[in-house]
Amino acid sequence: MPSVVVHPASRVRGRLTIPGDKSISHRYALLAALAEGTTTISRYAPGADCASTLSCLAALGATIDGPGAANAHPDQRVVTIQGRGLGGLRAPADSLDAGNSGTTLRLLAGVLAGHPFESVITGDASLRGRPMRRIIDPLSRMGAHLRGHADRPPIAIRGTALHGIHYTPPVASAQVKSAVLLAGLHASGDTVVTERQATRDHTERALPVFGVSLTRANGTISLRGGQRLDAAEVQVPGDASSAACWAVAAAALPGSDVTLDDVGLNPTRIGFLSLLERAGARIEISTGDPVGDEPIGSLRIRHGHLTALEIGPADVPGVIDELPVLAALATHGGALRVTGAGELRHKESDRISALAAGLRGLGGHVEEQVDGFQVLGDRRLTGGTADAAGDHRLAMAFALAAIGAQEPSEIHHADIVDVSYPGFFDILAEISEP
Ligand code: S3P
């Protein structure tokens, strides 16, 4: 499925169960591998990224069963992981392949920094172009030896006995925070991370589920190294970033009405909901019982008249993965100005220039800035072609823009959606009305 044709839709309607969250699935799998006993993870995320984490953990000696077919119903996606205990992973026979997944590479580097063997983590062409100085610095300060080519993968890690540090990441990054905390589990003394801007807090919520005690206050997380992890039975909430796609489609098209069930409602992930409301969407939230300290619930989203949105540096970490779909929303008649989002240039693609190029290819009016962009939805898209540029979030954003166009559009390399949301195009077709 290298290219996909997306047809204009008049509206979207339906009720969907959102597949398991990618960020949380990575974390539960990693912690399960470090735990004593057998962990069961249900609703494991279906994308290739989370499969990469499992295959790396298997290569490090964890015994893993499941999770079955990527296109199975979320309820059928169950993984069991027999943990090896803290510091108990085995030297891999070969390089570890993180595929397209920055989270796999960066979090696993934190874990392997505390294991007394050499390992190499690499990935696909996109991942091999992404900056790793941000993890090399703190993990080296803790005592590990890490090397990359110009600070990019492959990353060679010589793990050792680590010591705790107090670290304030210079960039707002949940991956960096998590790498340091996971290394801290293996370190002597306390490891402390202070965030200048809050990022997704799934690691902090997941660690206590596996029996680790930590403290959190005013943006500072502190944990003592050497704690035992216990296996757990956990359920992964639906992926808020995947839910954001359908929320955007419903907000964009008059007459739309979509309900999304079992969506993760972690406050560090749902910044897009208040932005959609600000842009004019009508949203109802019904909260359910939390799973594994993660809030979940259902969302009902309906269209409302679209207005212009501004997203500044303070909002960016809370919607970092949703900026492409919010840009798509603006092409439907709103407008969006984003500043303070230079981090977008270091994602699976240079998400500022590839987003601008793709939306322009569909007939959009987009201006690119060094640390942001502006979309003016002052004319209906004509339709055209857009290249996903190896980036799953762009493939989905272009499709969500294209449903508002006058003519069908072609998204090139659209199969990259499998990284986080296999079946995305089938669902889009299912809920779209001509
Ligand atoms: C993620 C953190 C974010 C996000 C990525 C997933 C995570 O990356 O963009 O998709 O699971 O920790 P950064 O830490 O680079 O901001």
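None of the values given here were measured: they were computed from a predicted structure. (Residues numbered from 1 in each chain as written. Predicted model: local features only at pLDDT ≥ 70, side-chain atom pairs only at ≥ 80, totals over all residues. Heavy atoms only, no water.)

Draft legend 1. Just the pattern of salt bridges, in detail. All chains considered together, the criterion is met by 29 salt bridges. Arg130 is paired through a salt bridge with Glu348; the nearest N and O atoms lie 3.9 Å apart. Of this pair, Arg130 sits in the loop between β7 (118-122) and α4 (133-141) while Glu348 sits in the loop between β21 (335-338) and α10 (353-361), and the two are 218 residues apart along the sequence. Classification of Arg130 by relative accessible area gives buried; the value is 4%. One connected set of salt bridges, linked through shared partners, spans Arg130, Arg200, Asp321, Glu348, Arg351, Asp391 and Arg393. (Salt bridge = Lys/Arg side-chain N within 4 Å of Asp/Glu carboxyl O. Helix = DSSP H or I, 4+ residues; strand = E, 2+ residues; numbered from the N terminus. Buried < 20%, exposed > 50% of the residue type's maximum accessible area, 1.4 Å probe, protein only.)

Draft legend 2. Local environment of the packing of aromatic side chains. For the structure on display, the rule yields five aromatic pairs. Relative to Phe424, the ring of Tyr421 lies with its centre 6.0 Å away and its plane at 65°, an arrangement referred to as edge-to-face. Phe424 shares its class with Tyr421; the two are buried. The interplanar angle of 90° and the centroid separation of 5.1 Å between the aromatic rings of Phe424 and Phe425 together place this pair among those described as edge-to-face. For Phe425, a relative accessible area of 11% puts it in the buried group. Through successive ring pairs, a cluster of aromatic residues spans Trp246, Tyr421, Phe424 and Phe425. (Phe/Tyr/Trp six-rings, centres within 6.5 Å; stacked < 30°, edge-to-face > 60°.)

Draft legend 3. Spotlight on the sheet that holds strand β24 (residues 385-387). Strand order across the open sheet formed by three strands is β1-β25-β24, with mixed pairing between neighbours. Edge positions in the open sheet fall to β1 (3-6) and β24, since each of these has one partner strand only. Strand after strand, the sheet turns through a mean of 20° between neighbouring axes, direction not considered. In terms of strand pairing, β1 meets strand β25 (residues 409-412) through four bridges, oriented antiparallel. By the bridge assignment, Val4 is partnered in β25 with Ile411. (Pairing = 2+ DSSP bridges. Axes fitted to C-alpha atoms, helices over the stretch in contact; angles between N-to-C directions.)

Draft legend 4. Broad picture of the sheet that holds strand β8 (residues 145-149). Taken together, four strands build an open sheet; the order of strands is β6-β7-β9-β8 and the sheet is mixed. Of all the strands in the sheet, the pair left with one neighbour each is β6 (96-97) and β8. Across four bridges, β8 lies against strand β9 (residues 152-158) in antiparallel orientation. Bridge assignment links Leu146 to a residue of β9, and that residue is Ile157. Its contacts with the sheet put helix α3 (residues 102-112) on β6, β7, β8 and β9, and the angle it makes with β7 is roughly 175°. (Contact = heavy atoms within 4.5 Å.)

Just distances and angles here, no functional claims.
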